[in-house]
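One-letter residues, chain by chain:
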Amino acid sequence: MSEQVTNELKKLVAIATDLELAVELRRKAIDQIGTVGTHEALLALLDLAANEQATPDERESALKYAGRIIKSSR
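A brief report on the enclosed structure follows. The structure presented is a predicted model; accordingly, all values stated were derived computationally and were not measured.

**A word on the packing of helix H2 (residues 23-36) against helix H4 (residues 56-72)**
- At their nearest, the axes of H2 and H4 sit 9 Å apart, and the two run at 5 degrees to each other. With respect to H4, the element H2 is oriented roughly parallel. For the pair formed by H2 and H4, the contact residues are Val-23, Arg-26, Arg-27, Ile-30, Asp-31 and Gly-34 on the first element and Asp-57, Glu-58, Ser-61, Ala-62, Lys-64, Tyr-65 and Ile-69 on the second.
- Partitioned by chemical class, the residues of the contact of H2 with H4 number five nonpolar, two polar and six charged.

In structure tokens form, the structure reads like this:
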């Protein structure tokens, strides 16, 4: 994975986990992580899904995108 993608993913994860930001902004970051489709993105999404401080909607969304990444790697 290129360094640029890694840096972008780190920024998106930081946004998605920052509970001081608006839910909508965090949700958009989760959507963007889901489009990356890499193993690192999968791990980040699973971490987000396990985050008990996130809203149920955010956790479900992260899990949905993680499932898509797993299905696409078959």
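Next comes the rest of the account.
**Thoughts on a positive patch on the surface**
- Together, Lys-64, Arg-68, Lys-71 and Arg-74 make up a region of like positive charge exposed at the surface.
- Topologically, Lys-64 is positioned in helix H4.
- Judged by relative accessible area, Lys-64 falls into the partly exposed class, the value being 37%.

**Quick word on the nonpolar core**
- If you look at the biggest cluster of nonpolar residues, it comprises 16 residues, and the most contacted ones within it are Ala-16, Ile-30, Ile-33, Leu-45, Leu-48 and Ala-62.
- Per-element accounting of this core gives the leading share, six residues, to helix H3 (residues 39-50).

**Concerning the pattern of salt bridges**
- Using the criterion set out here, one finds three salt bridges in the structure.
- In this structure, Glu-58 engages Arg-26 in a salt bridge whose closest nitrogen and oxygen atoms are separated by 2.7 Å. Placement of the pair is Glu-58 in helix H4 and Arg-26 in helix H2, with a sequence separation of 32 residues. For the residue pair Glu-58 and Arg-26, the accessibility class agrees, reading buried in each case.

**Digging into the side chain of Ser-61**
- As for its position among the elements, Ser-61 is in helix H4.
- Beyond its immediate stretch of four places on either side in the chain, Ser-61 contacts Arg-27, Ile-30 and Asp-31.

**Considering the packing of helix H1 (residues 3-17) against H3**
- Interaxial distance between H1 and H3 falls to 11 Å at its minimum, and their mutual angle equals 10 degrees. Put simply, H1 runs roughly parallel to H3. For the pair formed by H1 and H3, the contact residues are Leu-9, Val-13, Ala-16 and Thr-17 on the first element and Glu-40, Ala-41, Ala-44 and Leu-48 on the second.
- Classifying every residue of the contact of H1 with H3 gives six nonpolar, one polar and one charged.

So, how was this worked out
Going along each chain's sequence as written, the residues are numbered from 1 onward. Local features are withheld for residues below a pLDDT of 70 in this predicted model, meaning they are given only at 70 or higher, and side-chain atom pairs are given and counted only at 80 or more; totals for whole chains, interfaces and linings count all residues. Heavy atoms throughout the structure, all of them, feed into the side-chain values; hydrogens and water do not. Structural elements are reduced to axes, namely lines fitted to C-alpha atoms, with helices fitted over the stretch in contact, and the angle between N-to-C directions of any two is expressed from 0 to 180 degrees. Each helix is a run of H or I in the DSSP string that is no shorter than four residues. Each strand is a run of E no shorter than two, and both are numbered from the N terminus. Throughout, the term roughly parallel applies to angles under 35 degrees, roughly antiparallel to angles over 145, roughly perpendicular to angles from 65 to 115, and oblique to all others. The contact criterion used throughout is that any non-hydrogen atoms of two residues lie within 4.5 Å. Gly is placed with the polar residues, together with every amino acid not listed as nonpolar (Ala, Val, Leu, Ile, Met, Phe, Trp, Tyr, Cys and Pro) or charged (Asp, Glu, Lys and Arg). Patch membership requires more than 30% relative accessible area and the absence of a salt bridge. Residues of like charge join within 9 Å; the nonpolar side chains Val, Leu, Ile, Met, Phe, Trp and Tyr join within 5 Å. Every accessible area reported is derived by Shrake-Rupley at a probe size of 1.4 Å, with residue values counting cover from the shown protein chains alone. Salt bridge, as applied in this entry: a Lys or Arg side-chain nitrogen positioned within 4 Å of an Asp or Glu carboxyl oxygen. None of His or the chain ends enter the tally, which takes Lys and Arg as positive and Asp and Glu as negative. Working definition for charges: the position is that of NZ of Lys, CZ of Arg, CG of Asp or CD of Glu. Per-residue accessibility, obtained with a 1.4 Å probe over protein chains only, is compared with the maximum for each type, and a residue is labelled buried under 20%, exposed over 50%, and partly exposed between these values. Take the buried Ala, Val, Leu, Ile, Met, Phe, Trp, Tyr and Cys residues and link them wherever side-chain atoms come within 4.5 Å; each set so joined is a nonpolar core.

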